[in-house]
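Chain residues, written in single-letter form:
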Amino acid sequence: MGQSPSPPSPASTVGSKPSLGAGFFTCLKDILRINCHWSAPELGQGPSPWLLFTSNQALGSKHRCVFRASECTVVLPPKEVLVPSDNLTLTLHHYVSGKEQVSLVDPQYLPRRHVKLDPPSDLQSNVSSGYCVLTWGVSPALEPLTANLSYKLAFKKQEEAWEQAQHRDHIVGVTQLTLEAIELDPGSSYEARLCVQMATLEDEIVQEQHHEGQ
């Protein structure tokens, strides 16, 4: 079974303040850093503007992302890497006429909705007469989140279009999947695509029901 590259995770717009002419902010993260883009930066005199990520759960946990032109990056300390359960307030800080102005961008910034994940690596297949076992790897930076990763698999015969592909969703917290022989035609060659995202509540419910049914 062949492997096709996974499409990149899409960017997510987290908020805007039209009254400031501030444009939109786009923040993507992995567990180690946050990268933000400001579509219409206001680069006046005084200190550079910054975004402040304040935890709504852990008192005193704050991360400042200072803009350089339209971009800013904050590298998180090892003990404060973001996890899917985090809930943050996102505010914009900038100076107008020498006074600091604070604007609310997002009162509940949920990191799990804005994670830029590395695609699964080294997708392999092991075919026998009764089934096909697919295995794949997770990048080292994402290993602490393995249990919170959800995968979507599409597979098809090589001569077919992707619109005809079969799909398996809600593959949560694992790095292998078994396809039964009934799902595959003997003698045919297949291609597969595997996409990854952070697990949602729906994924977790489906996974619990799967375990209960075993």
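Rules of the game
- Residues numbered from 1 in each chain as written.
- Predicted model: local features only at pLDDT ≥ 70, side-chain atom pairs only at ≥ 80, totals over all residues.
- Heavy atoms only, no water.
- Pairing = 2+ DSSP bridges.
- Helix = DSSP H or I, 4+ residues; strand = E, 2+ residues; numbered from the N terminus.
- Axes fitted to C-alpha atoms, helices over the stretch in contact; angles between N-to-C directions.
- Phe/Tyr/Trp six-rings, centres within 6.5 Å; stacked < 30°, edge-to-face > 60°.
- Buried < 20%, exposed > 50% of the residue type's maximum accessible area, 1.4 Å probe, protein only.
- Lys NZ or Arg CZ within 6 Å of the ring centre and 35° of its normal.
- pLDDT = per-residue confidence, 0-100.
- Contact = heavy atoms within 4.5 Å.
- Disulfide = S-S within 2.5 Å.
- Core = buried A, V, L, I, M, F, W, Y, C linked by side-chain atoms within 4.5 Å.

K.L.:
Tell me what's going on with the sheet that holds strand 9 (residues 99-109), and back it up with residues and numbers.
P.N.:
One open sheet holds the four strands; their spatial order is 6-5-8-9, and the pairing between them is antiparallel. Edge positions in the sheet fall to strand 6 (62-66) and strand 9, since each has one partner strand and no second. Averaged over all neighbouring strand pairs, the angle between strand axes comes to 20°, with direction disregarded. As paired elements, strand 8 (residues 88-96) and strand 9 share eight bridges and run antiparallel to each other. Bridge assignment links His94 to a residue of strand 9, and that residue is Gln101.

K.L.:
Before we move on, can you summarise the sheet that holds strand 10 (residues 121-127) with the specific residues and values?
P.N.:
Read across the sheet, three strands follow the order 10-11-14 without closing on themselves; strand pairing throughout is antiparallel. Strands with a single pairing partner mark the edges of an open sheet, and in this sheet they are strand 10 and strand 14 (176-180). With direction set aside, neighbouring strand axes in the sheet form an average angle of 15°. Direction of pairing for strand 11 (residues 131-137) relative to strand 14: antiparallel, over a ladder of five bridges. Bridge pairing links Cys132 to Leu179 in strand 14.

K.L.:
Now, about the packing of aromatic side chains: what can you tell me, with residues and values included?
P.N.:
One pass over the full model with this rule turns up five aromatic pairs. Pairing Phe53 with Tyr109 gives two aromatic rings, centres 5.5 Å apart and planes at 65°, and the pair type is edge-to-face. One end of the pair, Phe53, is in strand 5 (residues 50-55); the other, Tyr109, is in strand 9, with 56 residues separating them in the sequence. Both residues of the pair, Phe53 and Tyr109, count as buried. It is Arg64 that lies over the ring of Trp50; its NZ or CZ is 4.1 Å from the centre. When the ring centre of Trp162 is taken as origin, the NZ or CZ atom of Lys156, which lies over that ring, is 4.9 Å away.

K.L.:
Kindly report on unusual backbone geometry, identifying the contributing residues and their values.
P.N.:
Of note, Ala69 is a non-glycine position whose phi angle comes to about 60°, a positive value. Residues other than glycine seldom take positive phi values, yet Asp122 does so here, at roughly 55°.

K.L.:
Quick rundown of the confidence of the model for the protein chain? Include the residues and the values.
P.N.:
Taken over all residues, the pLDDT of the protein chain has a mean of 78, while the share at 70 or more is 77%. Low pLDDT, under 50, characterises residues 4-22; the stretch is placed with 53 contacts to residues that sit more than four places away or in other chains. Contacts from residues 205-214, a stretch scored under 50 in pLDDT, to residues over four places away or in other chains number three contacts.

K.L.:
Help me get a handle on the state of the cysteines, residues and values and all.
P.N.:
Under the definition given, this model contains one disulfide. The partner cysteine of Cys65 in its disulfide is Cys72, sulfur to sulfur 2.1 Å. On the sign convention where negative means left-handed, the S-S torsion of about 110° between Cys65 and Cys72 marks this disulfide as right-handed. On the basis of relative accessibility, which here comes to 3%, the residue Cys72 falls in the buried class.

K.L.:
Outline the nonpolar core, supporting the account with residue identities and numerical values.
P.N.:
Counting residues in each nonpolar core, the largest one holds 22 residues, and the members touching the most others are Trp136, Leu149, Tyr151, Leu153 and Leu179. Mapped by element, the contributors of at least two residues to this core are strand 11, strand 12 (149-157), strand 14 and strand 15 (190-198). With five residues, strand 15 is the single largest residue contributor to this core. Among all residues touching Leu153, those that are not within four sequence positions of it are Leu134, Gln166, His167, Arg168, Ile171, Leu177, Leu179, Ala192, Arg193 and Leu194. Trp38, Phe53, Val74 and Leu76 belong to the second-largest nonpolar core, a separate cluster that totals 18 residues.

K.L.:
Any details on the environment of His114? Residues and values, ideally.
P.N.:
Structurally, His114 is set in the loop between strand 9 and strand 10. Residue classification places His114 among the buried positions, given a relative accessible area of 9%. Spatially, the C-alpha atoms of His114 and Cys27 are 6.9 Å apart, while their sequence positions differ by 87 residues.

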